[in-house]
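One letter stands for each residue in the lines below.
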Amino acid sequence: MARRKDQEGRRAQIAAATERAVLNRGLADLRLRDIADEAGLTSGAVLYYYEAVEDLLQETYRNAIDRFCRQREHAVDQLTDARDRLRTVISTGVATGPEDTLPRLLFEFWPMSLRDPRVAALDNTLTERQIAVYYGVFVLGEAQGHFHLTDTPRQLAENFVGLEDGRQMDVLSGRLTRTQILRALHSQAKSVTGCNLTPPPPG
């Protein structure tokens, strides 16, 4: 049991180090030595737990996807009103700024999906989980009578995820602020649901 805990702890250490190395160097220039240095280990020690760097990177991407999606899913599940859910799913999908590490980490991996079918499958999982959240919100909003949708829930969900992904880079690059992107997404939400998500001013 102690050995298993030690192994799990070492794998967690390597996983955290891989995330830091990806964020610091980017995937294009990343070497096994960079990950080992971040973890305070030798390259051989890293490969003891992972047969190849590609396996480690895929696990890192998979874990990042799960964290990102679970945060959104959990935040939305706490709410009962579809309007609050839509406001929340939009909010949790937009980076806070250029230093928001989890969205940055996800975008670092995106180019790999063009060359590696396994990474492409993970990227598809990320997309489908996000679509599923939006889809559920749109269906609920229609059922509650708050939304008057201009297209099918599935199509609107796909559109929002695509719009989100496209505008996310504006925030991560510092070209636009999170507030500007949220305003644009709220405007789109009003266009396709007939519902104004901007809360009224206090007082």
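Above this text sits the structure in question.
Overview of the structure. (Residues numbered from 1 in each chain as written. Predicted model: local features only at pLDDT ≥ 70, side-chain atom pairs only at ≥ 80, totals over all residues. Heavy atoms only, no water.)

## Here's the deal with the nonpolar core
Okay, so step 1: Membership of the largest hydrophobic core comes to 30 residues, with the highest contact counts inside it found for Ile14, Tyr61 and Phe109.
Okay, so step 2: For this core, the secondary structure elements donating two or more residues are α1 (2–25), α2 (32–39), α3 (43–49), α4 (53–77), α6 (101–109) and α7 (117–144).
Okay, so step 3: Looking at this core element by element, the count peaks at seven residues for α4.
Okay, so step 4: Listed in part, the 28 residues of the second largest apolar core include Leu149, Leu156, Ala157 and Leu176. (Core = buried A, V, L, I, M, F, W, Y, C linked by side-chain atoms within 4.5 Å. Buried < 20%, exposed > 50% of the residue type's maximum accessible area, 1.4 Å probe, protein only. Helix = DSSP H or I, 4+ residues; strand = E, 2+ residues; numbered from the N terminus.)

## Looking at the packing of aromatic side chains
Okay, so step 1: Enumeration over the complete set of coordinates arrives at six aromatic pairs.
Okay, so step 2: With a centroid separation of 5.8 Å and an interplanar angle of 55 degrees, the aromatic rings of Phe138 and Phe160 are classed as tilted. Taken together, the residues span a long stretch of sequence, with Phe138 in helix α7 and Phe160 in helix α8 (residues 153–172) at a distance of 22 residues. In terms of burial, Phe138 and Phe160 fall into one category: buried.
Okay, so step 3: An aromatic cluster is built from Tyr134, Phe138, Phe147 and Phe160, whose rings are joined through pairwise contacts. (Phe/Tyr/Trp six-rings, centres within 6.5 Å; stacked < 30°, edge-to-face > 60°.)

## Considering the environment of Thr198
Okay, so step 1: As for its position among the elements, Thr198 is in the segment after α9 (178–193).
Okay, so step 2: Residue classification places Thr198 among the partly exposed positions, given a relative accessible area of 47%.
Okay, so step 3: The sequence separation of Thr198 and Phe68 amounts to 130 residues, and the corresponding C-alpha distance is 24 Å.

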